[in-house]
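# Per-entry structural report
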Amino acid sequence: MPNHISDFQHHEPQVSASPPPAPLPLQCPGCGAFTQLTLSDQAGYYSSSRKSVKTYLAQLNTTGSQKKPSEAKAFEQVLKNADESLLRNLGLKDVPTANEPPQLSAEVPTPVCNRCHELVHHHAGVSIVHPTLASIQDIISESPYKYNHVYHVLDSADFPLSLIPRIQQHLSLLPQRSLNRRSKTGKYHHGRKAEMSFIITRSDLLAPKKEQVDGLMPYLIEVLRDALGKTASNLRLGNVRCVSSKRGWWTKEVKEAIWERGGGGWMVGKVNVGKSNLFECVFPKGRNEEVDFHSLRHAARPGTADFTMSSRALRAVGAPRNEELLLENSQLEERDTFSEHSLLPPAPPEERYPVMPVVSSLPGTTASPIRLPFGSGKGELIDLPGLERGSLADHVLDEHRKDLVMGQRIKPGQISIKPGQSLLAAGLVRITPTNSNQVVLAYPFLPFDCHVTSTEKAISLQNQREPSSVPTIAKPEAADLMKSAGVFQLKWDVTKQRAGPLTRPSAVGLKAQVLPFVIYSADLLIEGSGWIELVVQVRKRELESGSQYPESTYGMLLDVRLGAGAAALPPDVKRLHLSFAYKINDGHFGARKVWRQHLPRLKYHNPAVSMTVDRSHNNAGPATLSIFFAPSPHPSSASASSSPAPTSSTTSAKATSDHTPFDRVETIDMKHKHEEEILEQLMQITKAVQVNPSLEEELEIKELEDQRARSVRDAETTRVYNEKVRQEKALLEQARSAVG
């Protein structure tokens, strides 16, 4: 009967009814599941009909019947790993020469379970139930090592979404070192010391060259700092590595760090972040202590009576220790004494080149911790099951789940999202710009197809209302669960990077601050799949105004609505007529300002009042403002709708035929008067009502004043910069002329 161990299952191996001559491995080396022979659709099941299993059992039966004494096995191991020239100097015979073909090892690797076999060869399998962070903490707490190091593996495809929040507090790890030089370098918890490093995997998805990825490290560290929260603003974050298992970028340095640290190394992360692939690259395979040839020669000196070797020399050439000579027996004993309440499985025998964990795009391939010791007991590297990453895969068709994982770097094409359009990614994700006046450029770094269509059609396709030829990977029932993920602002200024030759030093070489536009960008991350880069170009005037109008037009609208002259005239005022000279000499300056500044506001608030202007070249003539008052209306008079339209002209003071009859005329002498005095007299004579700004308009005015103040500061900064450039050019020309 199977015994359950917390989140993992353990099944006693049963090959046959009688005790088998050679048992199956306690765990599957590919996924870590305990061996079981009852549930064929679960992890850890071994079928005796598989060829690899038959070969493995046959080899164990053969080697088991031809066991040699431990001393002979140790001596043969020494001869096998010793240098060929050294063996000749020692006078040992039967050493293969260079011309003889080497003896190939007939050792068969440990087979994997049926589930791993299907994953590797047929890409088919069922995910396991993902463990919780509390289960991972309980597993690490059972570590047999005093010194432990947790490698938090992050995926660059959706970095930093694969970050586990507050992982240090949950796993009782040493806090990250701050910038304070007195910050602690070590901390023990229950007699153990545990540290942590961040490893960003699959960095080849970010850039095609290693140098380009190295250039992104400052940006990646800052993004990680923001993701860690406010407390990370003072952290060093010198323990961050960005590696690529596929290209071999910085994996050698991580492997050397694992070898030097020793102890327990734990791979922790979410599913499909590349833990198993990284495990295979950084595990120190084939490494024991270096061969000490001096000790070997001294131990085998011809003058000695007995040919003996020290234990140090035996270990130096790879000879097994005493505890390793009885490895099979100890393993069998460990099977019997293994507690079913333990979350950490027993350590397998140490091998120079063990079978590595299976690498698959299936979320949750690793079913149980996989322990692989190295360095003759120096340490272990443990691959832990991945934590749950997100629920996006639950809404995707089973045959398309593998399409969610980005296997190689995507070379995206440029997609233009025009007003009224949306970007639809495989019928699963829809991106709709909220600004209807801008064209947004999209660069999808996704493993599935994206296309642009109208927003109405995109909504219909996403909700699966009608059949369409557009491919989709979403399940039919996912349409009812679609909701908005939020509104995201493009707030990162990338003008310098995307302005092309305008800001390139070898071309025009302009500063991004002097350009009349700003380019903003943002990356929308899709958890577990990739990201979509969105770019938009905005004119600075539109940006500063905060409206669909440019700054000048927006300011003009406010200036016409509000200010001096914004007044509502009484109904009996039917016409205003201004008469003054073209030039401001001889006292015509006030009349000119009333015409240019205040008359437009009066016309805006009194569209039914006719306003005319007569200008002459006679500066010695008068400058007057005539106010025409209409007689009181009678019931028999024609309606206002039948009266002719009001006239506003600058041609003549002569009343045209469309002017309504007037009862009286009031005249203001504007000569040698300022515009404030003229406007005050107009308000007193007509008894007009001043129009005051509303609260919203006051806020708009204040915002516009702030924008103008910033424009003045920017203009001054540009002037200082241009002056500095001019001085530098002058000095350079002066130096060149002096040298010439």
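This structure is a prediction, so every number in the text was calculated from the model and none was measured.

### Some words on the confidence of the model for the protein
Low pLDDT means the predicted atomic positions in that stretch should not be read closely. Summing up the model confidence of the protein, the mean pLDDT is 78 and the portion of residues at 70 or higher is 77%. Here residues 547-553 is a poorly scored stretch, pLDDT under 50, and it has 13 contacts once near neighbours within four places are set aside; other chains count.

### Quick look at the sheet that holds strand β21 (residues 624-629)
Read across the open sheet, the 4 strands follow the order β20-β19-β21-β22; overall the sheet is mixed. On the outer flanks of this sheet lie β20 (610-616) and β22 (664-669), each paired with one strand and no other. Pairwise comparison of adjacent strand axes, ignoring direction, gives a mean angle of 15° for this sheet. Judged from the 6 bridges that link them, strand β19 (residues 573-581) and β21 form a sheet pairing that is antiparallel. Paired with Leu576 across the two strands is Ile627, which belongs to β21. Across the sheet, helix α19 (residues 589-605) is in contact with β19 and β20; its angle to β19 comes to roughly 160°.

### Things to note about the pattern of salt bridges
Pairing is possible between side chains that carry opposite charge, provided their charged atoms lie close to one another. The final tally for this structure, using the stated rule, is 13 salt bridges. The salt bridge partner of Asp158 is Arg389, with a shortest N-O separation of 2.8 Å. You can see Asp158 sitting in the loop between β3 (147-155) and α6 (167-170) and its partner Arg389 sitting in the loop between β9 (379-383) and β10 (415-417), a full 231 residues away along the chain. Residue classification places Arg389 among the buried positions, given a relative accessible area of 9%.

### Some thoughts on the nonpolar core
Counting residues in each nonpolar core, the largest one holds 36 residues, and the members touching the most others are Ile140, Val150, Leu171, Phe198, Trp266, Val268 and Leu384. Of all the elements in the fold, those that place two or more residues in this core are α5 (133-141), β3, β5 (192-201), α8 (217-228), β6 (240-242) and β7 (263-268). By residue number, the principal contributor to this core is α8, which donates 5 residues. Beyond its immediate chain neighbours, meaning those up to four positions away, Val268 contacts Ile136, Ile140, Val150, Tyr151, His152, Val153, Ile164, Ile167, Lys275 and Leu384. Ile417, Ala474, Leu524 and Leu534 belong to the second-largest nonpolar core, a separate cluster that totals 27 residues.

Cut-offs used in this document
- Residues numbered from 1 in each chain as written.
- Predicted model: local features only at pLDDT ≥ 70, side-chain atom pairs only at ≥ 80, totals over all residues.
- Heavy atoms only, no water.
- pLDDT = per-residue confidence, 0-100.
- Contact = heavy atoms within 4.5 Å.
- Pairing = 2+ DSSP bridges.
- Helix = DSSP H or I, 4+ residues; strand = E, 2+ residues; numbered from the N terminus.
- Axes fitted to C-alpha atoms, helices over the stretch in contact; angles between N-to-C directions.
- Salt bridge = Lys/Arg side-chain N within 4 Å of Asp/Glu carboxyl O.
- Buried < 20%, exposed > 50% of the residue type's maximum accessible area, 1.4 Å probe, protein only.
- Core = buried A, V, L, I, M, F, W, Y, C linked by side-chain atoms within 4.5 Å.

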